[in-house]
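# Chain and residue survey
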Amino acid sequence: LAQRSLARPESDVVCVHMAQKAVAAALRRAVLPHFHVPDLEAQVNRGQLVLSDAQLREPVVIFGLCCTGSIESLSATWSWRSLLSSPATLEVCGLYMCIRLGDGG
């Protein structure tokens, strides 16, 4: 019987690395313009994202609605090894939003 190596095949490592870069880039575009996130890429590589006492940097206008707000804490965790077979967890505490008509000006 052939012995099977416990190490992940190199192609799996490359795929995980590419996924980490893609997720970090998407989060950078979606989150960083609005919130300060220290060590975003390091957090993503560990399979987590944590925001604490985050405030929108400036009002966000979506469909003519001006949104401001803050989050006491947001935590997301996932497993890169079993990304497609294990659940990801998202926990949001203390979400405060003010939404009004207008452009924020």
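What counts, and at which threshold
- Residue numbers run consecutively from 1 along every chain, following the written order of its sequence.
- Totals for whole chains, interfaces and linings use all residues, but because this is a predicted model, local features are given only for residues with pLDDT of at least 70 and pairs of side-chain atoms are given and counted only at 80 or more.
- Excluding hydrogens and water, the side-chain figures rest on all heavy atoms present in the structure.
- Every helix listed is a DSSP run of H or I at least four residues long, and every strand listed is a run of E at least two residues long, numbered separately from the N terminus.
- Note on definitions: a residue-residue contact is assigned when non-hydrogen atoms from the two residues lie within 4.5 Å.
- Nonpolar side chains (Val, Leu, Ile, Met, Phe, Trp, Tyr) within 5 Å and like charges within 9 Å form the patches, drawn only from residues with over 30% relative accessible area and no salt bridge.
- In short, Shrake-Rupley with a 1.4 Å probe defines the accessible areas, and a residue's cover is counted only from the protein chains shown.
- One side-chain nitrogen of Lys or Arg within 4 Å of one carboxyl oxygen of Asp or Glu is enough to make a salt bridge.
- Exposure categories follow from relative accessible area, calculated using a 1.4 Å probe and restricted to protein chains: below 20% of the type maximum is buried, above 50% is exposed, and the middle band is partly exposed.
- Aromatic contacts are taken between Phe, Tyr and Trp rings whose centres are within 6.5 Å, Trp giving its six-membered ring; a plane angle under 30 degrees counts as stacked, one over 60 as edge-to-face, and the others as tilted.
- Grouping buried Ala, Val, Leu, Ile, Met, Phe, Trp, Tyr and Cys residues that are joined through side-chain atoms within 4.5 Å yields what is termed a nonpolar core.
- The term disulfide is used for any two cysteine sulfur atoms that are within 2.5 Å.
- A 3.5 Å cut-off defines polar contacts: any pair of N or O atoms within that distance qualifies, except that in protein one atom must be a possible hydrogen donor and the other a possible acceptor, and neighbouring residues in sequence count only when both atoms are side-chain atoms.

### Re the side chain of S70
- Tracing the backbone shows S70 in strand 3 (residues 65-77).
- Not counting residues up to four positions away in its chain, the partners in contact with S70 are A54, Q55, G94, L95 and Y96.

### Focus on a nonpolar patch on the surface
- Together, L65, L90, V92, L95, M97, I99 and L101 make up an exposed nonpolar region whose accessible area comes to about 720 Å².
- In terms of residues, the nonpolar patch owes the most to one element, strand 4 (residues 89-101), which gives six residues.
- Classification of L65 by relative accessible area gives partly exposed; the value is 32%.

### Details of the environment of L40
- Mapped onto the elements, L40 comes out in helix 2 (residues 40-45).
- When the C-alpha atoms of L40 and R28 are compared, they prove to be 7.7 Å apart, with 12 residues separating the residues in sequence.
- Leaving out residues up to four positions away in the same chain, L40 has contacts with A24, L27, R28, L32 and L49.

### Re the packing of aromatic side chains
- Within this structure, the stated rule accounts for one aromatic pair.
- Here the aromatic rings of W78 and W80 are separated by 5.9 Å at their centres, their planes lie at 85°, and the arrangement is edge-to-face.

### Some words on the nonpolar core
- Of all hydrophobic cores here, the largest spans 17 residues; its most connected members are L27, F35, V44, L49 and W78.
- Elements that contribute at least two residues to this core include exactly helix 1 (10-30), helix 2, strand 1 (48-55) and strand 3.
- Other than its neighbours up to four places away in sequence, W78 contacts V44, G47, Q48, L49, L83 and A88.

### So, the environment of C66
- Looking at the secondary structure, you find C66 in strand 3.
- Looking at C66, the relative accessible area reads 0%, which means it is buried.
- Distance from C66 to C98, taken between C-alpha atoms, is 8.0 Å for residues 32 residues apart in sequence.

### What to know about the state of the cysteines
- All chains considered together, the criterion is met by zero disulfides.
- C67 provides the cysteine sulfur closest to C66, a residue in no disulfide bond, and the two sulfurs are 6.7 Å apart.

### Considerations on the side chain of Q20
- Relative to the elements of secondary structure, Q20 occurs in helix 1.
- A distance of 3.3 Å separates a polar side-chain atom of Q20 from the backbone oxygen of N45.

Limitation: the analysis is restricted to geometry and does not speak to function.
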